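Architecture and fold: a report
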Amino acid sequence: MMRKYSEDEKYMKEAIRQARKAEAIGDVPIGCVIVHEGKIIARGYNRRNREKTVLAHAELQAMKKACKIIGDWRLEDCTMYITLEPCQMCAGAIVQARITRVVIGSMNSKAGCAGSILNLLQMKEFNHQVDLEKGILEEECSQMLSDFFRRLRTRRKKEKELEKELHKLQEEETEKDLQKQPEEELEKEL
């Protein structure tokens, strides 16, 4: 029997699909969707490495699209679904955009600003606080990131090994060339 997904899980699944797009282009798999009145109005995925800009985070990509759809910089009455806890830049943008609710898949102990390092989304000092839901499809979101970074480390290790091997071969060729030079010079003298 197939398990029925909750509404939050349904939208988080779409955020995961967006994250897979980031992974397909070699970027860290982070995906985001924004929902308004029960419909996805914007999608985004991490393109930071591809576009060579810090501004290409999934959340910012989706917010830019959502603002065009809504016709305003305020994204009130919207819910953002994000596979990884937002960084300080994205958390600040979420507060600035007045997004009502944020649903997070996986927390980010190294850079998360929705509760891991600090919680910019719910600071009473700001003029807007965000309703927050954490851990929706957490295992799937976390595993996707873990798998990505494991493959990245393995690839980088292989690249380093290949570089070492190439360097060794180049040194051997140089040594052979140096050994040939005296022989060639002797032959010329004879």
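Refer to the preceding data block for the structure.
Residues numbered from 1 in each chain as written. Predicted model: local features only at pLDDT ≥ 70, side-chain atom pairs only at ≥ 80, totals over all residues. Heavy atoms only, no water.

1. Here's the deal with the overall build of the protein
- The number of helices and strands found in the protein is five helices and five strands.
- Listing every helix and strand of the protein by position from the N terminus yields α-β-β-α-α-β-α-β-β-α.
- For 190 residues, the compact-globule formula gives about 16 Å, and the C-alpha radius of gyration of the protein, at 25 Å, lies well above that figure.
- Taking the principal axes of its C-alpha atoms as reference, the protein extends roughly 90 × 45 × 30 Å.
- When burial is assessed residue by residue, the protein has 41% of its 190 residues classed as buried.
- Residue pairs at least 24 apart in sequence account for 56% of intrachain contacts in the protein once pairs closer than 6 positions are excluded.
- Carbon together with sulfur atoms contributes 50% to the accessible area of the protein, which is approximately 12,300 Å² in total. (Helix = DSSP H or I, 4+ residues; strand = E, 2+ residues; numbered from the N terminus. Rg over C-alpha atoms; globule rule 2.2 N^0.38 Å. Buried < 20%, exposed > 50% of the residue type's maximum accessible area, 1.4 Å probe, protein only. Contact = heavy atoms within 4.5 Å. Areas by Shrake-Rupley, 256 points an atom, 1.4 Å probe, with all protein chains shown as cover.)

2. Re the nonpolar core
- In this structure, Ile34, Met63, Val102 and Leu121 are the most contacted members of the largest nonpolar core, which totals 35 residues.
- Elements with a contribution of two residues or more to this core: β1 (31-36), β2 (39-45), α3 (58-70), β3 (78-84), α4 (88-96), β4 (101-106) and α5 (138-189).
- In contact with Ile34, other than residues within four places in its own chain, are Lys39, Ile40, Ile41, Ala42, Ala62, Met63, Ala66, Leu75, Cys78, Thr79 and Met80.
- Within the second largest apolar cluster, 13 residues are counted, among which are Val35, Ile136, Leu137 and Met144. (Core = buried A, V, L, I, M, F, W, Y, C linked by side-chain atoms within 4.5 Å.)

3. Considering the layout of surface pockets
- In this structure, the largest pocket occupies an estimated 550 Å³ of space.
- Lining the largest pocket are 24 residues, and of these Val28, Ile30, Leu84, Asn108 and Phe149 sit closest to its centre.
- Elements with a contribution of two residues or more to the lining of the largest pocket: α3, α4 and α5.
- Per-element accounting of the lining of the largest pocket gives the leading share, five residues, to α5.
- Of the residues assigned to the lining of the largest pocket, the class counts are 11 nonpolar, eight polar and five charged. (1 Å grid on protein atoms, 1.4 Å probe; cavity = no way out; pocket = protein on both sides within 12 Å on 5 of 7 lines; lining within 4 Å. Points joined across faces, edges and corners; volume = space filled by probe spheres on them. Nonpolar A, V, L, I, M, F, W, Y, C, P; charged D, E, K, R; others polar.)

4. As for the packing of aromatic side chains
- Applying the stated criterion to the full structure yields two aromatic pairs.
- On the numbers, 5.3 Å between centres and 45 degrees between planes, the contact of Tyr11 with Tyr81 is tilted. Note that Tyr11 is positioned in helix α1 (residues 7-24) and Tyr81 in strand β3, a separation of 70 residues in sequence. When sorted by exposure, Tyr11 lands in the same class as Tyr81, which is buried.
- Judged by centre distance (5.2 Å) and plane angle (80 degrees), the ring pair of Phe148 and Phe149 falls under edge-to-face.
- Assessed through its relative accessible area of 9%, Phe148 is described here as buried. (Phe/Tyr/Trp six-rings, centres within 6.5 Å; stacked < 30°, edge-to-face > 60°.)

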